[in-house]
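# Working through the structure, step by step
Each chain, written out:
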Amino acid sequence: MRRLMAGLVVGLILSGCGGGSLTLTGYVDRLNAINDRTVPQAEVLISELERATTPGEAGAAMERMTALRIESVEATEVLVPPEPIADLHELTLSWEKRLLSIEESFAVRAGTVLGWEEFFESLEVEAYRAALVEGKQVCTEFQARLDATADRGVFADTPWIPTALSEVVEARLGCDLFPEDPENVFRPVPPPTVPDASG
């Protein structure tokens, strides 16, 4: 099985329908509703990626993942967040757009390589591994900005919002699922060592 970071592929963030600026409570409620629709689908695709036995299979699963992410990006672009957390919304949306482009290139490249070694060495997989590193940084930055916003008293009337918002975004980004060694994602598994019968 190829080593695969699940969190980034799950990272379908901050989606919703348009309509005017939402309240803080309405914003979190919308995110939870979108998670209910997108996360289960993403988990199925992650499983397919982890079980992929060829780059082509990985690419096919990623192609379906990009379709799900496009839905997320398009919905997010028309969502107007409450002003106090507009920067948090933009932080995650910008990252998701960058990730979408990388995943699209990944899916195309997976359909053209001859094997795992070529795939692992490709610029597209290199970009994907870099996106994993960035995604982990986005998670850290999001929490730091959220904490700073809370320290300004923005959530005084809704003290449950920081925890709820943190949980929904962490679930969407997969912040707890990033690999310790993203440089090894999609690294070819070496063949098993055969004992020397002559010895």
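Residues numbered from 1 in each chain as written. Predicted model: local features only at pLDDT ≥ 70, side-chain atom pairs only at ≥ 80, totals over all residues. Heavy atoms only, no water.

### Comments concerning the confidence of the model for the protein chain
Per-residue pLDDT for the protein chain has a mean of 83; in total, 84% of the residues score no lower than 70. Element-level pLDDT for the protein chain is lowest in helix α1 (residues 6-10), with a mean of 45, against a maximum mean of 94 in helix α4 (residues 86-110). Below pLDDT 50 for its whole length, residues 1-19 participates in 103 contacts with residues either more than four positions away or in separate chains. (pLDDT = per-residue confidence, 0-100. Helix = DSSP H or I, 4+ residues; strand = E, 2+ residues; numbered from the N terminus. Contact = heavy atoms within 4.5 Å.)

### As for the packing of helix α2 (residues 24-51) against helix α7 (residues 161-173)
Following both chains from N to C, one finds α2 and α7 inclined at 25 degrees, their axes separated by 10 Å at the closest point. Taken together, the axes of α2 and α7 lie roughly parallel to each other. In this structure, α2 meets α7 at a crossing whose hand is left-handed. Of the residues in α7, those in contact with L24, T25, Y27, V28, L31, N32, I34, N35, T38 and V39 of α2 are I161, A164, L165, V168, A171 and R172. Taken together, the residues of the contact of α2 with α7 break down into 11 nonpolar, four polar and one charged. (Axes fitted to C-alpha atoms, helices over the stretch in contact; angles between N-to-C directions. Parallel < 35°, antiparallel > 145°, perpendicular 65-115°, else oblique. Left-handed = near helix turned anticlockwise from the far one by under 90°. Nonpolar A, V, L, I, M, F, W, Y, C, P; charged D, E, K, R; others polar.)

### A few points about the packing of aromatic side chains
For the structure shown, the criterion picks out three aromatic pairs. Pairing F106 with Y128 gives two aromatic rings, centres 5.2 Å apart and planes at 55 degrees, and the pair type is tilted. Placement of the pair is F106 in helix α4 and Y128 in helix α6 (residues 123-151), with a sequence separation of 22 residues. The exposure class of Y128 is buried, given its relative accessible area of 0%. Considering the side-chain rings of W116 and F119, the 6.0 Å spacing of their centres and the 55 degrees angle between planes classify their relative orientation as tilted. Of this pair, W116 and F119 both sit in helix α5 (residues 116-121), three residues apart, which is roughly one turn of the helix. Like W116, the residue F119 is buried in the burial classification. By the ring-pair criterion, three or more aromatic residues cluster together here, those being F106, W116, F119 and Y128. Over the aromatic face of F120 sits the side chain of R129, whose NZ or CZ is 4.4 Å from the ring centroid. (Phe/Tyr/Trp six-rings, centres within 6.5 Å; stacked < 30°, edge-to-face > 60°. Buried < 20%, exposed > 50% of the residue type's maximum accessible area, 1.4 Å probe, protein only. Lys NZ or Arg CZ within 6 Å of the ring centre and 35° of its normal.)

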